[in-house]
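A structural walkthrough
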Amino acid sequence: MSNIDEFINNFQFAGARPSLYQVTIGSVDGIFESDEQMQFMCKNAQLPASTVGAITANFLGRQIKLPGVRSYEDLALTFYLDEDMNVRHQFENWMHQMAKFKSAYGSNVRIGEEGIATDLKVEQMSKDENVLRQYRFVKAFPTSVSQIDLGYDQGETLEEFTVTFAYQYFDIPEPSAQSIDSTQE
């Protein structure tokens, strides 16, 4: 039977901390300019789940389950807002360029090399500031910029909002521990 000392000994580095991370969003030429402020203002990042569906095949009265298509949940990032409103403005402008109100089409809806999407990285950091694991979200673009709650009773809080991103897939490139690179078969 295990004891407390064995349990403690299995935490060689005192556990990974959810507060040690950084987010990097690639720029989209002429539309979205990422900067250092964006990294510091990112209050919260979620590492989304992925799911492999099950395909059921019937054989001799039995149901056989086979792996199906992998799907990815959206990525959500929450940001603090400074009085210059720059971080929110960047996301609102990005969405405006994809889908303008007065036009049935956005001005730049291509998803390829010079299109509207960019790669986004979420890196989990160690206590000595090394990258433990990097998630790269490929060809991401914002689908939602949340509301900002205002109120007379909120004098001791900072404004914040959440941006939801769709992306094609994520991978875990080198040199991350236990990499899963999409270019490998």
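Look a little higher up for the structure.
One structure accompanies this document, and this report is about it. (Residues numbered from 1 in each chain as written. Predicted model: local features only at pLDDT ≥ 70, side-chain atom pairs only at ≥ 80, totals over all residues. Heavy atoms only, no water.)

Digging into the environment of glutamine 168
- By the element assignment, glutamine 168 lies in the loop between strand 8 (160–166) and strand 9 (169–171).
- Given a relative accessible area of 41%, glutamine 168 falls into the partly exposed group.
- In sequence terms glutamine 168 and valine 138 are 30 residues apart; their C-alpha atoms lie 5.7 Å from each other. (Helix = DSSP H or I, 4+ residues; strand = E, 2+ residues; numbered from the N terminus. Buried < 20%, exposed > 50% of the residue type's maximum accessible area, 1.4 Å probe, protein only.)

Comments concerning a nonpolar patch on the surface
- On the surface, Ile55, Phe59, Leu60, Ile64 and Leu66 cluster together into a nonpolar patch covering about 520 Å² of accessible area.
- Elements represented by at least two residues in the nonpolar patch include exactly strand 3 (50–59) and strand 4 (62–72).
- Of note, leucine 60 is situated in the loop between strand 3 and strand 4. (Patch = residues over 30% accessible without salt bridge, like charges linked within 9 Å, V, L, I, M, F, W, Y side chains within 5 Å. Areas by Shrake-Rupley, 256 points an atom, 1.4 Å probe, with all protein chains shown as cover. Salt bridge = Lys/Arg side-chain N within 4 Å of Asp/Glu carboxyl O.)

Here we look at the pattern of salt bridges
- Taken as a whole and assessed by the stated rule, the structure comprises 4 salt bridges.
- The partner of arginine 88 in a salt bridge is glutamate 92, and the shortest N-O contact between them spans 2.9 Å. One end of the pair is arginine 88 and the other is glutamate 92, both in helix 3 (residues 86–98) and 4 residues apart, which spans about a single turn.
- For glutamate 92, a relative accessible area of 39% corresponds to the partly exposed category.
- A single salt-bridge network, built from bridges that share partners, covers Asp119, Arg136 and Asp171.

Quick look at unusual backbone geometry
- Even without being glycine, leucine 60 reaches a positive phi, approximately 50°.
- The exposed category is assigned to leucine 60, whose relative accessible area is 71%.
- One non-glycine residue, glutamate 129, adopts positive backbone phi at about 70°.
- When you line up the elements, glutamate 129 lands in the loop between strand 6 (118–125) and strand 7 (131–145).
- Since its relative accessible area comes to 67%, glutamate 129 is described here as exposed.

Here we look at the nonpolar core
- Residues Ile25, Leu77, Phe79, Phe91, Trp94, Leu120 and Phe165 are the most contacted members of the largest nonpolar core, which totals 29 residues.
- Mapped by element, the contributors of at least two residues to this core are strand 1 (21–25), helix 2 (36–41), strand 5 (75–80), helix 3, strand 6, strand 7 and strand 8.
- Among all residues touching isoleucine 25, those that are not within four sequence positions of it are Phe32, Ser34, Met38, Leu77, Phe79, Phe91, Trp94, Thr118, Asp119, Leu120 and Phe165. (Core = buried A, V, L, I, M, F, W, Y, C linked by side-chain atoms within 4.5 Å. Contact = heavy atoms within 4.5 Å.)

What to know about the pairing of strand 3
- Here 9 bridges tie strand 3 to strand 4, and the two strands are oriented antiparallel to one another. Note on strand 4: the bridge partner recorded for asparagine 58 is glutamine 63.
- As consecutive antiparallel partners, strand 3 and strand 4 are separated by 2 residues, and within that stretch leucine 60 has a phi angle of approximately 50°, a positive value. (Pairing = 2+ DSSP bridges.)

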